[in-house]
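Working through the structure, step by step
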Amino acid sequence: MSIWEYANPKKFLATTERVMPTLWISSAALISVGLVWGFFFTPDDYRQGSTVKIIFLHVPSALMAINAWFMMLVTSLVWVIRRHHVSALAARAAAPVGVVMTLIALVTGAIWGQPMWGTWWAWDPRLTSFLVLFLFYLGYIALWEAIDNPDTAADLTSILCLVGSVFAVLSRYAVNFWNQGLHQGASLSLDKEENVADVFSNPLYVCMAGFVLLFIALVFYRTGTEIRARRIKALIARERLEA
Amino acid sequence: MIALLFRDLKLALRAGGGFGLGLAFFLIVTVMVPFSVGPQSELLARIAPGVLWLGALLACLLSLDRLLALDWEDGSLDLLATAPLPLEGTVTIKALAHWITTGLPLVLAAPVLGVLLNLPVQGFLWLLVSLLLGTPALSVIGTFGAALTVGLKRGGLLLSLLVMPLYVPTLIFGAEVARRGAEGLAVQTPLLLLAGISAASIALLPFASAAVLRVNLR
């Protein structure tokens, strides 16, 4: 039993199809519990009022925006090193999910920032690096779409993902240097004295767990679709050859 | 390697090579800026370092799709790939030729355009230094982008989309050096970081470019 067994598309499809209902249901349950808990059963913040509650969408989506790219980095590496097609397809499947998560984080952040900071957008390091991440996602997806040969596309996009990761991290710290921020620092760390109060952080953790499961379910689902699309292509090619 | 460099330079300099196009683009962008933001010399002096950096970056970007595409079309890239020179060396030379024909003229033209934008006197030196250190990174990163999109028809727009985010750190530090220089502040930190980005890009990116090119030539 090793993780490489799932490089076999058949095995991958069988297993993901078995776990996917559980994933869908538990992510839906966690997100709805977390959001209802967060929206209706937490007090208003003494300074931010009820606008603080957008945190239950903002933080989980931002978390997944970064982790989706990280997952693409890992699967790209697996493709480059071990050349498992499922891995490349998983990276391809994760990119649109990641770009949507980035967009949700940016939009909810703007909606939150308007009443709190008095502006929809500021060239704050965190905001800016998310915008740059968004551009990286767009470029990555555009490159996948532009190339016909699937193997070439997988190779080129994985190398772009590797190089892009380095530059994305570089940009993250470069923008720190370039402008001071409005955005608060990390406030869910284990090693910090001051964090978000428990009344807010508990439903937030539930939402985050829900988003993680949602992401996994979406990636499994989309990877399955990609695998089937490729099978159909192979079938059509075979039929043409026979006819 | 040197023969290849001279070949690329010759091709770029002769008619139809597009030498000077980037330079002319840089000139026109800089000239258009006062038309769009107004002729107040104070405002122009403040935005001059950033405008010059952005203009240089765009001019660099503009010339990228010719970097490998012409050799790809007439098949000489296949010959270069089978030559004894490793592909990493080839792309490095290509980037160097691109820098000499595009980056270096931009660096030399920037102070002249700085006069047009009313750049403060103390800013000229640091503008030159920052461009001199930063444009090699632009060429090397651009070569990677050109290698990614070389096999594509109409790859030009995609090339810009791919390369622009990669240019972000270079632009931030380069423009910061120029800005601080113009305002008479200490430039050491961003200067060192800019030099670091250039050095690391030159050292590492040719491997990525060569890998990508091998995939495209497969």
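If you're wondering where the values come from, they're calculated on a predicted model, not measured in any experiment.

So, the overall build of chain B
Each helix and strand counted, chain B has 9 helices and 0 strands in total. Listed N to C, the secondary structure of chain B is α-α-α-α-α-α-α-α-α in terms of helices and strands. Across its three principal directions, the C-alpha atoms of chain B cover 55 × 35 × 30 Å. For chain B, with 218 residues in total, the buried portion stands at 53%. Counting contacts in chain B only where the partners sit at least 6 residues apart, residues at least 24 apart contribute 81% of the total.

Overview of the overall build of chain A
Within chain A one finds 6 helices and 0 strands. Tracing chain A from N to C terminus, the helices and strands come up as α-α-α-α-α-α. A total of 243 residues make up chain A; the buried ones form 39% of that total. Of all intrachain contacts in chain A linking residues separated by at least 6 positions in sequence, the fraction that spans at least 24 positions is 78%.

Some words on the nonpolar core
In terms of nonpolar packing, the biggest core is built from 137 residues, with Ala68(A), Ala94(A), Leu52(B), Ala56(B) and Val212(B) touching the most fellow members. When residues of this core are assigned to their parent elements, the largest contribution, 15 residues, is made by helix 8 (residues 156–183) of chain B. Apart from residues no more than four positions distant in its own chain, Leu52(B) is found in contact with Thr30(B), Ala110(B), Leu113(B), Gly114(B), Leu117(B), Leu127(B) and Ala178(B).

With respect to helix 7 (residues 123–149) of chain B
Relative to the 39 Å expected for 27 residues at 1.5 Å per residue, helix 7 of chain B spans 37 Å between its end C-alpha atoms, a close match to the ideal helical length. For helix 7 of chain B, the tally of buried residues reaches 22 of 27 residues, placing the bulk of the element in the interior.

Quick word on the interface of chain A and chain B
Each partner contributes residues to the interface: chain A has 21 residues there, and chain B has 18 residues. Mapped by element, the contributors of at least two residues to the side of chain A that touches chain B are helix 4 (125–146) and helix 5 (150–178) of chain A. Per-element accounting of the side of chain A that touches chain B gives the leading share, 12 residues, to helix 5 of chain A. Across the side of chain A that touches chain B, the residue classes break down as 17 nonpolar, 3 polar and 1 charged.

A few points about unusual backbone geometry
Even without being a glycine, Arg83(A) presents a positive backbone phi close to 55°. Among the structural elements, Arg83(A) can be located in the loop between helix 2 (55–82) and helix 3 (85–117). The residue Asn118(B) is not glycine, and still its phi comes out positive at about 65°. Residue class for Asn118(B) comes out partly exposed when judged on the 17 C-beta atoms lying within 10 Å of it.

Notes on the environment of Pro190(B)
Residue and element names in this part refer to chain B. Along the chain, Pro190 falls in helix 9 (residues 188–217). Separated by 70 residues in the primary sequence, Pro190 and Pro120 have C-alpha atoms spaced 19 Å apart. With sequence-adjacent residues up to four places away left out, Pro190 is seen in contact with Phe173, Glu176, Val177 and Arg180.

Points about helix 3 (residues 41–62) of chain B
Residue and element names in this part refer to chain B. Maximum bend of helix 3: about 55°, positioned at Ile47, with proline Pro49 one to four residues after it. The complete set of buried residues in helix 3 reads Ala48, Pro49, Val51, Leu52, Trp53, Gly55, Ala56, Leu57, Ala59, Cys60 and Leu61. Each element contacted by the buried residues of helix 3 is listed here: helix 2 (21–37), helix 6 (87–116), helix 7 and helix 8.

Topic: the confidence of the model for chain B
On average, residues of chain B score 88 in pLDDT, and 98% of them are at 70 or above. Scoring of the predicted complex yields 0.89 for pTM and 0.86 for ipTM.

Looking at the environment of Val112(B)
Residue and element names in this part refer to chain B. The topology assignment puts Val112 in helix 6. The class of Val112 is exposed, set by 10 C-beta atoms lying within 10 Å. In this structure the C-alpha to C-alpha distance between Val112 and Leu61, which are 51 residues apart in sequence, comes to 21 Å.

Structural notes on the packing of helix 1 (residues 2–13) of chain B against helix 6 of chain B
Residue and element names in this part refer to chain B. Their axes nearest at 9 Å, the elements helix 1 and helix 6 cross at an angle of 40°. Relative to helix 6, the element helix 1 is oriented oblique. Helix-helix and strand crossings are classified by hand; for helix 1 and helix 6 the assignment is right-handed. Packed against helix 1, whose contacting residues are Leu4, Leu5, Asp8, Leu9 and Ala12, the element helix 6 presents Thr90, Ile93, Lys94, Leu96, Ala97, Ile100 and Thr101 at the interface. When its residues are assigned to classes, the contact of helix 1 with helix 6 shows 8 nonpolar, 2 polar and 2 charged.

Comments concerning the environment of Arg82(A)
Considering the arrangement of structural elements, one finds Arg82(A) in helix 2. Sequence separation between Arg82(A) and Ile54(A) is 28 residues, and the spatial gap between their C-alpha atoms is 42 Å.

Things to note about the confidence of the model for chain A
Across chain A, pLDDT averages 87, with 94% of residues at or above 70. Ranking the helices and strands of chain A by mean pLDDT puts helix 2 of chain A first, with 92, and helix 5 of chain A last, with 88.

Quick notes on the packing of helix 2 of chain A against helix 3 of chain A
Residues and elements named next belong to chain A. Contact geometry for helix 2 and helix 3: axes closest at 7 Å, N-to-C directions at 160°. Taken as axis vectors, helix 2 and helix 3 run roughly antiparallel relative to one another. Crossing angle aside, the handedness with which helix 2 passes helix 3 is left-handed. Looking at the contact of helix 2 with helix 3, its residues break down into 20 nonpolar, 9 polar and no charged.

Rules of the game
Residues numbered from 1 in each chain as written. Chains lettered and ligands numbered in written order. Predicted model: local features only at pLDDT ≥ 70, side-chain atom pairs only at ≥ 80, totals over all residues. Helix = DSSP H or I, 4+ residues; strand = E, 2+ residues; numbered from the N terminus. Buried ≥ 20, exposed ≤ 12 C-beta atoms within 10 Å, placed from the backbone. Contact = placed C-beta atoms within 7 Å. Core = buried A, V, L, I, M, F, W, Y, C linked by C-beta atoms within 7 Å. Expected span 1.5 Å × (residues − 1). Nonpolar A, V, L, I, M, F, W, Y, C, P; charged D, E, K, R; others polar. Bend = angle between axes of the 7 residues up to and from the residue. pLDDT = per-residue confidence, 0-100. Axes fitted to C-alpha atoms, helices over the stretch in contact; angles between N-to-C directions. Parallel < 35°, antiparallel > 145°, perpendicular 65-115°, else oblique. Left-handed = near helix turned anticlockwise from the far one by under 90°.

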